[in-house]
Amino acid sequence: MRASVDVAVALKPVFACFSFGLGACIASFLNVVIWRVPRGESIVSPPSHCPKCSAPIRWWQNIPILSWLALGGKCANCRAAISPRYILIELLGGVLFLAAFLHMLKFGLPLHFLVVYWIWIALMIVGSFIDFDHQLLPDFVTVGGMALGLVANAYDYFFFWGKIYWENYLLYCVGGLALGFGLLWLVRWLGSKAFKREAMGMGDVFLMGAVGALFGPVAVLFTLMTSAVAGSIVGIGMILLSKAKLGKFVAIPFGPYICLGCLAWMFCGPETVAWYLKLLGVN
Ligand SMILES: [Zn+2]
C-alpha cells in the first residue's frame with residue numbers, strides 16, 4: 001500500500017489529468033442517463049442525436065467539455081442551442097473525480113477508497129439532477145448506494161486489513177445505514193403530520209441510508225445538518241425571489257442537498273467535526 005502511494009505521488013500530474021478526464025467522460029455518459037432513464041428510454045440505443053433535428057452526434061462532436069466549447073454550445077447541423085448544463089455536469093464530474101484523487105493522495109488512502117468515492121460521486125450526480133428535474137430519486141442510486149456501502153465496507157473490514165473487524169462493520173456500516181434510514185424516516189413521518197401531506201419522498205430516506213452505509217453514523221448527522229442548512233438557505237432565497245407566500249407548501253427536492261452535505265463530509269467532514277469539538281473543549 002505504501003509503495004502504491006509513492007508511485008502515485010511521483011506520477012501525480014499524470015494521474016491527476018487521468019482523474020479529471022475520466023470524471024468528465026463518465027459525466028458525459030451521466031448526461032445521457034439523467035435525460036433518458038426518467039423517460040423510460042434505453043441508455044444505449046438510439047445513439048446520441050440532436051433532440052431538435054435528430055442529426056447523429058459524431059464521436060468528435062461528443063468529446064466531453066471540448067466539443068461543447070468548439071461548437072459554441074450549438075448543434076453542428078441545425079445550430080440549435082445545446083444547454084450549458086451538459087458542459088457544467090461534465091466539468092463537475094471532472095473536478096469531483098480529481099478532488100477525490102487528491103484527497104486519497106493527501107491522506108495516503110488505498111485505491112479501493114478512491115474507486116468507491118468515484119462510483120458514489122457518479123451516482124450522486126445522476127440522483128441530484130434527476131431529482132431536480134423530476135422530484136424523484138432512482139432506486140439504482142439510493143438502493144445502489146446502500147449496497148455499495150455494505151459491500152465496500154465488508155471488503156474493507158473483512159479482507160483488506162488482514163483481520164476481520166465485525167464490531168466495526170456492524171457499528172460503522174450497518175449502524176450508519178440504520179441511523180440514516182431511521183432519522184430520515186422520522187423526519188418524513190413528522191413532516192407528513194405537520195403538512196398533512198407527503199413532505200418528503202422515500203427516495204430521500206433511502207439516500208440517507210446510503211450515506212450511513214458508506215460513511216457511518218457521524219457522517220449521517222453531519223450530512224443531515226449541512227443539507228438542512230443548505231436547503232433552508234436556498235428555500236428562503238427562493239421564497240424571497242419569487243415572493244411566494246410563506247405559508248404556501250413548496251415542494252423542493254431534498255436529494256441534491258443530501259448529496260451536497262455528503263460531499264462536504266467526504267472532503268472535509270471529519271476535520272470539521274474535530275475542529276468543532278476542539279472549539280467546544282471536548283476532545
Ligand atoms: Zn440539430
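Basis of the calculations
Residues numbered from 1 in each chain as written. Predicted model: local features only at pLDDT ≥ 70, side-chain atom pairs only at ≥ 80, totals over all residues. pLDDT = per-residue confidence, 0-100. Helix = DSSP H or I, 4+ residues; strand = E, 2+ residues; numbered from the N terminus. Domains from an automatic or database assignment. Contact = placed C-beta atoms within 7 Å. Nonpolar A, V, L, I, M, F, W, Y, C, P; charged D, E, K, R; others polar. Buried ≥ 20, exposed ≤ 12 C-beta atoms within 10 Å, placed from the backbone. Axes fitted to C-alpha atoms, helices over the stretch in contact; angles between N-to-C directions. Parallel < 35°, antiparallel > 145°, perpendicular 65-115°, else oblique. Left-handed = near helix turned anticlockwise from the far one by under 90°. Core = buried A, V, L, I, M, F, W, Y, C linked by C-beta atoms within 7 Å.

A.B. asks: Would you take a moment to explain the confidence of the model for the chain for this structure?
C.D. replies: Predicted coordinates in areas of low pLDDT are best not read in detail. With 94% of its residues at a pLDDT of at least 70, the chain reaches an overall mean of 90. Averaged over each element, pLDDT in the chain is lowest for helix α1 (residues 2–10) (68) and highest for helix α8 (residues 202–215) (97).

A.B. asks: Please clarify how the domain arrangement of the chain should be interpreted in this entry.
C.D. replies: By a widespread convention, an interface's size corresponds to the accessible area lost as its parts come together. Here the chain is partitioned into domain 1 (1–109) and domain 2 (111–283). The partner domain 2 presents 16 residues to the 19 residues of domain 1 that form the contact. Within the residue set of the side of domain 1 that touches domain 2, elements represented by two or more residues are α2 (12–36) and α4 (85–107). By residue number, the principal contributor to the side of domain 1 that touches domain 2 is α4, which donates 10 residues. Broken down by class, the residue content of the side of domain 1 that touches domain 2 amounts to 16 nonpolar, 3 polar and no charged.

A.B. asks: So what exactly am I meant to see when it comes to the environment of P47 here?
C.D. replies: Relative to the helices and strands, P47 resides in the loop between α2 and α3 (66–70). Classification of P47 by C-beta neighbours within 10 Å gives exposed; the count is 11. Distance in space between the C-alpha atoms of P47 and S128 is 24 Å, their sequence separation being 81 residues.

A.B. asks: I keep staring at the packing of helix α7 (residues 166–195) against α8 and nothing clicks. Help me out?
C.D. replies: Helix packing for two helices is described by the angle between their axes and how far apart those axes are. Viewed as axis vectors pointing N to C, α7 and α8 meet at an angle of 155°, and their least axial separation amounts to 6 Å. Classified by the angle between their axes, α7 and α8 sit roughly antiparallel to one another. For the element pair α7 and α8, the recorded crossing hand is right-handed. Residue-level inspection shows C173, G176, L177, L179, G180, F181, L183, L184, W185 and R188 of α7 in contact with α8, the latter providing D204, V205, M208, G209, V211, G212, A213 and F215. Split by residue class, the contact of α7 with α8 holds 12 nonpolar, 4 polar and 2 charged.

A.B. asks: For this particular structure, what's the right way to read helix α6 (residues 139–160)?
C.D. replies: Residues lying three or four places apart along an α-helix face the same way, a consequence of the helix completing one turn every 3.6 residues. All buried positions along α6 are accounted for by V141, T142, G145, M146, G149, A152 and N153. As for α6, its buried residues are in contact with α5 (111–134), α7 and α8. A positive backbone phi angle near 75° is found at G162, which sits one or two residues after α6.

A.B. asks: I would appreciate a short explanation of the nonpolar core in the present structure.
C.D. replies: Across soluble globular proteins, you tend to see nonpolar side chains buried next to one another. One finds I121, I125, V126, M208, V211, I258 and C262 to be the most contacted residues of the largest nonpolar core, which totals 60 residues. Mapped by element, the contributors of at least two residues to this core are α2, α4, α5, α6, α7, α8, α9 (217–242) and α10 (255–279). Broken down by element, the residue count for this core peaks at 11 residues, all from α5. Composition of this core by domain shows at least three residues from each of domain 1 (1–109) and domain 2 (111–283). Those residues in contact with M208 that sit more than four places away from it in its chain are G180, F181, L183, L184, V220 and I258.

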